[in-house]
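So you can see what is in the structure, the chains are spelled out below.
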Amino acid sequence: NNSMSKKFAFVDEFGAFGFQFEQPNVTTHFIVTAIIVEEDNIESLLSSIESIRSRHFQSGEIKSSKVADNHRRRINILKELKPLPFHVYTLVCDKRKLFDTSGLMYVGSFYKYINNLLYAELQYSFRSISIYADPRSGSAWRQSFKDYVREKQEHQQLQLWDDYSFQLE
């Protein structure tokens, strides 16, 4: 969807860099998700999500781990989320499938590869988008993504007639 209305992407990640899968907190997958919302829908979406959150999670954060293996509850929550005005873009990397010789065994190149995939997809898909990441998170990936976007913006030469806007906030 490349319409002219401004979009907002709220990004978050699951997992971390690392390949010693037997170690605690080392995941087999690294996942990055962007929730994409049109500017005109943000207020109603936030209101609807708050209603869902208060019904299903009371005062807490919406977290899959709080649903655990209660699949009926998970399905009910997803049914309430489904009609809301947002889109989801997710990158999933199964780190077990990476070749030792790929260069992605190093944290810098791994994050840069993921960042490039996310940035390229958002840039290709949307003419005007602001990206938001939880500022309270000390995530190494999130900091690397912010640095990556800033670096890309510094080197991007836009034509005068190009109305492309890509912001990280």
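Residues numbered from 1 in each chain as written. Predicted model: local features only at pLDDT ≥ 70, side-chain atom pairs only at ≥ 80, totals over all residues. Heavy atoms only, no water.

Caption draft 1: Spatial organisation of the pattern of salt bridges. With the rule as written, the count across this model stands at five salt bridges. A salt bridge links R142 to D12; its shortest N-O distance comes to 2.4 Å. Residue R142 is found in helix α5 (residues 140-155), and its partner D12 is found in strand β1 (residues 7-14); the two are separated by 130 residues along the sequence. Note on R142: relative accessible area 2%, which makes it buried. The exposure class assigned to D12 is partly exposed, which follows from its relative accessible area of 45%. Two residues, R55 and E80, come together in a salt bridge whose shortest N-O distance is 2.1 Å. Of the two residues, R55 sits in helix α1 (residues 42-57) while E80 sits in helix α3 (residues 71-81), which places them 25 residues apart along the sequence. One salt-bridge network, held together by shared partners, links D12, E13 and R142. (Salt bridge = Lys/Arg side-chain N within 4 Å of Asp/Glu carboxyl O. Helix = DSSP H or I, 4+ residues; strand = E, 2+ residues; numbered from the N terminus. Buried < 20%, exposed > 50% of the residue type's maximum accessible area, 1.4 Å probe, protein only.)

Caption draft 2: Just the nonpolar core, in detail. Ranked by size, the top nonpolar core spans 25 residues in total, and within it F30, F110, I114, L118 and W141 carry the most contacts. Counting residues per element, the ones that place at least two in this core are β1, β2 (29-38), β3 (87-94), α4 (107-125), β4 (128-133) and α5. The element contributing the most residues to this core is α4, with six residues. If sequence neighbours within four positions are ignored, W141 has contacts with V11, E13, F30, V32, Y111, I114, N115 and L118. (Core = buried A, V, L, I, M, F, W, Y, C linked by side-chain atoms within 4.5 Å. Contact = heavy atoms within 4.5 Å.)

Caption draft 3: Seen up close, the pairing of β2. With eight bridges connecting them, β1 and β2 associate as antiparallel partners. From the neighbouring strand, K7 faces β2, where its bridge partner is E38. Here β2 runs beside β3; their pairing, made up of eight bridges, is antiparallel. By the bridge assignment for β3, I36 is matched with H87. (Pairing = 2+ DSSP bridges.)

Purely geometric numbers; function is a separate question.
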